[in-house]
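# Observations on the three-dimensional arrangement
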Protein chains: 2
Amino acid sequence: PFDLGVLVEVDVGMERCGVPPGEALVELCRFVDDSSSLVFRGLMGYEGHAVFLEDREERKAVATKAMERLQEARHLVEEAGLEVEIMSAGGTGTYDVTGQWPGVTEVQAGSYVVTDARYRRVCPEFRPALTVLSTVISCPRKGVAVTDAGLKSITSEFGLPEVAAPEGVTVKHLAEEHAILTLDGDVELEVGQKIALLPSHSCTTINLHSEFVVVEHSRERTRWPIEARGKVR
Amino acid sequence: PFDLGVLVEVDVGMERCGVPPGEALVELCRFVDDSSSLVFRGLMGYEGHAVFLEDREERKAVATKAMERLQEARHLVEEAGLEVEIMSAGGTGTYDVTGQWPGVTEVQAGSYVVTDARYRRVCPEFRPALTVLSTVISCPRKGVAVTDAGLKSITSEFGLPEVAAPEGVTVKHLAEEHAILTLDGDVELEVGQKIALLPSHSCTTINLHSEFVVVEHSRERTRWPIEARGKVR
């Protein structure tokens, strides 16, 4: 017999998935606990509506409110006689609130590992560690260059990528297979030159690739497969 | 000995890659022709700046201008004594102009095979044949449902996906792993129900998946691997 541990998702204010604290939540937890093959392990509440708020105080306030809801849910479930062993919550933008919250056993901060251009504004204490390396394929005229990185290798829903290196270069447009770069006054690039792009959204960019190239002290150390890519069903 | 056939790209007005008609273009073609192991086969000019223009007359005019530039390039190269065996151009939105252009031997219309929500506005004569099947995972309150298709399975740079089926449902927001749906007045969905989403951009959506599921008369017939996915370097 295989017993599947289950966390019940609480809607902590994001209004996406989960059940708000209340009788229906308690009922669902009881249903899990009473089912053969299912083991009730605890609660999960993701405060995704807080993680990107750029104002630190506002982010803290919204995350705090979410954690109060999760705590309320926990009380209700415990009063019903169930044991909450795991309380999972938090994102990269709210790790400092949620991570200190009494009873939280797991923080779902994933982006902090490599961060990205958007999270850098929210959590400047984490240094970006992910770039997409692209190659200049055309320098059609002064002030413009084209590289081979497009929407099939770097996503744009959180904005255009930034240029990590070299300096004086910005991304003007991302097409399917091309990035159009604007060069500051006296900057010149040449065909074949490498451009390091900093994604605005690391999660969906990583999902476009099959492996990480791990670089340490400017040398390739190893490659890590991106095993969850495409496992969207 | 292996001889590599080469097409030289002409900038036909998109100002991205390629060389405009002129002495530099002729010089490049000659360089290819003179190189050992390279065989000059002809010219390529992509009028990507025309393919999405929704006004048919404007699209025709811009594509015509582009083909005139490609023709001008051909004359220059032929005057220099080189044979233009292949003249490649065109996109899905301009197949009707470019495909009838004298001397064009190849039309690069790719999207017409399955088309998408954006191309449907430009070329209504092609019927969309690609959907992303997603599953309702939450019906939190009246008028709202959540499915498991997010930015990791369907792209949004050309706009949100449309809902191919069922009727009365629209996509309000795409998150990383979730689509938030708005339901018309009396429409109700249930958890587990399938929703067919019509991508706004088929190219970058296909690139997120590892295989096509080929359906004929509502039955799965076969699966085709998406072999070029991730081959972005």
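Residues numbered from 1 in each chain as written. Chains lettered and ligands numbered in written order. Predicted model: local features only at pLDDT ≥ 70, side-chain atom pairs only at ≥ 80, totals over all residues. Heavy atoms only, no water.

This next bit is on the domain arrangement of chain A. By a frequent convention, interface size equals the accessible area lost on bringing the separate parts together. You can read the domains of chain A as domain 1 (4–109) and domain 2 (132–225). Placing the centre of domain 1 of chain A and that of domain 2 of chain A at their C-alpha centroids yields a distance of 38 Å. (Domains from an automatic or database assignment.)

All names here are of chain A. On the secondary structure map, Glu54 appears in the loop between β2 (38–45) and α2 (56–79). Given the relative accessible area of 47%, Glu54 is considered partly exposed. Taking the C-alpha atoms as reference points, Glu54 and Arg127, separated by 73 residues in sequence, lie 17 Å from one another. When near neighbours in sequence (up to four residues on either side) are disregarded, Glu54 contacts Arg59, Arg121 and Val122. (Helix = DSSP H or I, 4+ residues; strand = E, 2+ residues; numbered from the N terminus. Buried < 20%, exposed > 50% of the residue type's maximum accessible area, 1.4 Å probe, protein only. Contact = heavy atoms within 4.5 Å.)

Before going further, it helps to examine the pattern of salt bridges. In this structure the tally under the stated criterion is 22 salt bridges over all chains. Note that B:Arg121 is salt-bridged to B:Glu54, the shortest N-O span being 3.0 Å. Highlighted residues: B:Arg121 in helix α4 (residues 117–122) and B:Glu54 in the loop between β2 (38–45) and α2 (56–79), separated in sequence by 67 residues. Salt bridges here are not isolated pairs; linked through shared partners, they connect A:Lys152, A:Glu176 and A:Glu177. (Salt bridge = Lys/Arg side-chain N within 4 Å of Asp/Glu carboxyl O.)

Quick look at the pairing of strand β11 (residues 211–216) of chain B now. All names here are of chain B. Bridge count between β11 and strand β12 (residues 219–225): six bridges; the pairing is antiparallel. Within the sheet, the bridge partner assigned to Val213 lies in β12 and is Arg223. Connecting β11 to the next strand, β12, in antiparallel fashion are two residues, including His217 with a positive phi near 50°. (Pairing = 2+ DSSP bridges.)

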